[in-house]
Amino acid sequence: MASKLSVLLLLLAVATVTVLAQRRRPPSTPKSTDEWNYRDGSERVNMRGVANLTQILDNWRFDILNQMKGLLQNDHQSLLPDYARIQPLSEALDDLYKEFNALKSHLGDLTEKFTAIETFIDEVKANRANNANTGPAPVPRQRRVMKNKATAS
């Protein structure tokens, strides 16, 4: 617990120093682009401090993952949801699945019925095509022209 407190204080100190350094730095002259110049001040970086911070973050990651692993193995009820709340959802999904399967089987029945009708229609079309090719040409009808009588008024 004391080590975690010291790590927290260290991070608080680093954040405070960073904020104060930003306030003391004179405003840079605006350039044509607003890109950050990562080379500015790179010669003053304390590499030992960076390595220490990297090590601290790596240790935190390791501790957090170990705690999560321990909780999942030993006290999974605190992390996983209450399964009593999930049961109604499970029943609703089961009903939906049953309805879907019923609709699928009904669709299969309708497909079987329409297969017979499609076969009959195909046969009728084939018969009409054969009769049109081999049968006599239809006789054209003559049209009568009716003249309207003009009425005298």
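Look up: the structure comes first, before these words.
The rules we used
- Residues numbered from 1 in each chain as written.
- Predicted model: local features only at pLDDT ≥ 70, side-chain atom pairs only at ≥ 80, totals over all residues.
- Heavy atoms only, no water.
- Helix = DSSP H or I, 4+ residues; strand = E, 2+ residues; numbered from the N terminus.
- Buried < 20%, exposed > 50% of the residue type's maximum accessible area, 1.4 Å probe, protein only.
- Areas by Shrake-Rupley, 256 points an atom, 1.4 Å probe, with all protein chains shown as cover.
- Axes fitted to C-alpha atoms, helices over the stretch in contact; angles between N-to-C directions.
- Parallel < 35°, antiparallel > 145°, perpendicular 65-115°, else oblique.
- Left-handed = near helix turned anticlockwise from the far one by under 90°.
- Contact = heavy atoms within 4.5 Å.
- Patch = residues over 30% accessible without salt bridge, like charges linked within 9 Å, V, L, I, M, F, W, Y side chains within 5 Å.
- Salt bridge = Lys/Arg side-chain N within 4 Å of Asp/Glu carboxyl O.

K.L.:
I'd like to hear about the overall build of the protein chain, residue by residue, with values.
P.N.:
Helices and strands together make up the secondary structure of the protein chain, namely 3 helices and 0 strands. Burial analysis of the protein chain (153 residues in total) assigns 2% to the buried set. Entry remark: accessible area of the protein chain is about 15,500 Å², with carbon and sulfur atoms responsible for 60%.

K.L.:
Any chance you could break down the packing of helix H1 (residues 2–24) against helix H2 (residues 47–74) for me, citing the residues and the numbers?
P.N.:
Contact pair H1 / H2: the axes reach a minimum separation of 12 Å and the direction vectors enclose 135°. Here H2 runs oblique to H1, going by the angle between their axes. Regarding H1 and H2, the two cross each other, and that crossing is left-handed. Judged by residue contacts, Lys4, Val7, Leu10 and Leu11 of H1 engage Leu53, Ile56, Trp60 and Gln67 from H2.

K.L.:
Give a detailed account of a nonpolar patch on the surface, specifying residues and quantitative values.
P.N.:
Together, Leu53, Leu57, Trp60, Ile64, Met68, Leu71, Leu72, Leu79 and Leu80 give the surface a local cluster of nonpolar side chains, amounting to about 730 Å² of exposed area. Residue placement: leucine 71 occurs in helix H2. Looking at leucine 71, the relative accessible area reads 32%, which means it is partly exposed.

K.L.:
Quick one: what's the story with the pattern of salt bridges, residue by residue and with numbers?
P.N.:
Applying the stated rule across the entire model yields 2 salt bridges. Arginine 61 is the salt-bridge partner of aspartate 58, the closest N and O atoms lying 3.0 Å from each other. Taken as a pair, aspartate 58 and arginine 61 lie in helix H2 at a separation of 3 residues, close to a single helical turn. By relative accessible area, aspartate 58 is classed as partly exposed at 35%. The partly exposed category is assigned to arginine 61, whose relative accessible area is 47%. With its nearest N and O atoms 3.6 Å apart, the salt bridge here joins aspartate 94 to lysine 98. Of this pair, aspartate 94 and lysine 98 both sit in helix H3 (residues 83–134), 4 residues apart, which is roughly one turn of that helix. Residue aspartate 94 is classed as partly exposed on the basis of its relative accessible area of 36%. On the accessibility criterion, lysine 98 (52% relative accessible area) is exposed.

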